[in-house]
Amino acid sequence: MSTETAQASVKQAEPLLSKRRRKFISDPLVDNNPITIQVLGICSALAVTTQLQPTLVMAISVIFVMVMANLTISLLRNAIPSRVRIIVQLAVIASLVTLVNEVLKAFAFDMYKELSVFVGLIITNCIVMGRLEAFALGNKPYDSILDGFGSALGYAWIILAVAFFRELLGSGSVFGVQIYDAISGLFGEGFSLATNGLMVSPVGAFIILGLIIWVQRTKTGYVEH
């Protein structure tokens, strides 16, 4: 009887990447994107996206903080008093952000000097706090990890897309490699591509982000209510 019960429990166990769990990752990429649909995390999307390299570091930092914060809060969810849950969440996020800051200071000091202020602002990022409050406090650790990873990935690809167009159009480069100069060299000395200074300003970020939101919402049919 015990063998039959064990076999039944194995059959009923939910796969690690079941359809329900895959939606934790896929939904924030497009249908419920934290930036383009929920309109959260806009500040960093405008501030750090002038170049791809710091944007990539910021994206990786947010992914790490969100996954680990979701995991930690989920593990502690039954031990956190409701009255102090926000304080606990902030303490967990602040500890992880401090760890990221120290790693950047030790191994990528130039990047640390460029991003230190913005990495610190992850503590108050609405996306991170929102997922802890809305999901991690009420769900198991593995599901919380997937939810945090999906939301962070949705944030990451948007800021990387904004940074790609801002760096290409504003500086003529991608990851610091001059693309415009290489293209101009193919057509001879009399040909040159001009960069657009507007793209390296916050206005350029607003334009690129607005176009991405427009394209995405047109494709998905999302309407703001």
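Residues numbered from 1 in each chain as written. Predicted model: local features only at pLDDT ≥ 70, side-chain atom pairs only at ≥ 80, totals over all residues. Heavy atoms only, no water.

Per an unreviewed UniProt entry, the chain goes by the name Na(+)-translocating NADH-quinone reductase subunit D and belongs to Mongoliitalea lutea. The UniProt entry for the chain carries this comment under Catalytic activity (unreviewed entry): "a ubiquinone + n Na(+)(in) + NADH + H(+) = a ubiquinol + n Na(+)(out) + NAD(+)". Reading the Function (unreviewed entry) entry of the UniProt record for the chain gives the comment "NQR complex catalyzes the reduction of ubiquinone-1 to ubiquinol by two successive reactions, coupled with the transport of Na(+) ions from the cytoplasm to the periplasm. NqrA to NqrE are probably involved in the second step, the conversion of ubisemiquinone to ubiquinol." (UniProt positions renumbered as here; feature names shortened; annotations may be inferred.)

**Q** I'd like to hear about the overall build of the chain, residue by residue, with values.
**A** Of regular secondary structure, the chain possesses 10 helices and two strands. Reading the secondary structure of the chain in the N-to-C direction produces α-α-α-α-α-α-α-α-β-β-α-α. A principal-axis box enclosing the C-alpha atoms of the chain has dimensions of 85 × 40 × 35 Å. Partitioning the contacts of the chain with sequence separation of at least 6, the portion at a separation of at least 24 is 75%. Taken as a whole, the chain presents about 12,400 Å² of accessible surface, with 67% of it coming from carbon and sulfur. (Helix = DSSP H or I, 4+ residues; strand = E, 2+ residues; numbered from the N terminus. Contact = heavy atoms within 4.5 Å. Areas by Shrake-Rupley, 256 points an atom, 1.4 Å probe, with all protein chains shown as cover.)

**Q** Outline the environment of phenylalanine 135, supporting the account with residue identities and numerical values.
**A** Its location among the elements puts phenylalanine 135 in the loop between helix H7 (126-134) and helix H8 (141-171). C-alpha of phenylalanine 135 to C-alpha of asparagine 70: the two residues are 65 residues apart in sequence and 8.2 Å apart in space. In contact with phenylalanine 135, other than residues within four places in its own chain, are Phe24, Gly130, Asp143, Ser144 and Asp147.

**Q** Can you break down helix H6 (residues 109-120) residue by residue, with the values?
**A** For H6, every residue scored as buried is listed here: Met111, Tyr112, Leu115 and Val119. Down the axis of H6, the buried side of the element spans an arc of 110°, and every buried residue falls inside it. Exposed and facing more than 90 degrees away from the buried side of H6 are Asp110, Lys113 and Val117. The inward-facing, buried residues of H6 contact helix H4 (52-76) and helix H5 (85-107). (Buried < 20%, exposed > 50% of the residue type's maximum accessible area, 1.4 Å probe, protein only. Arc of directions from axis to C-beta.)

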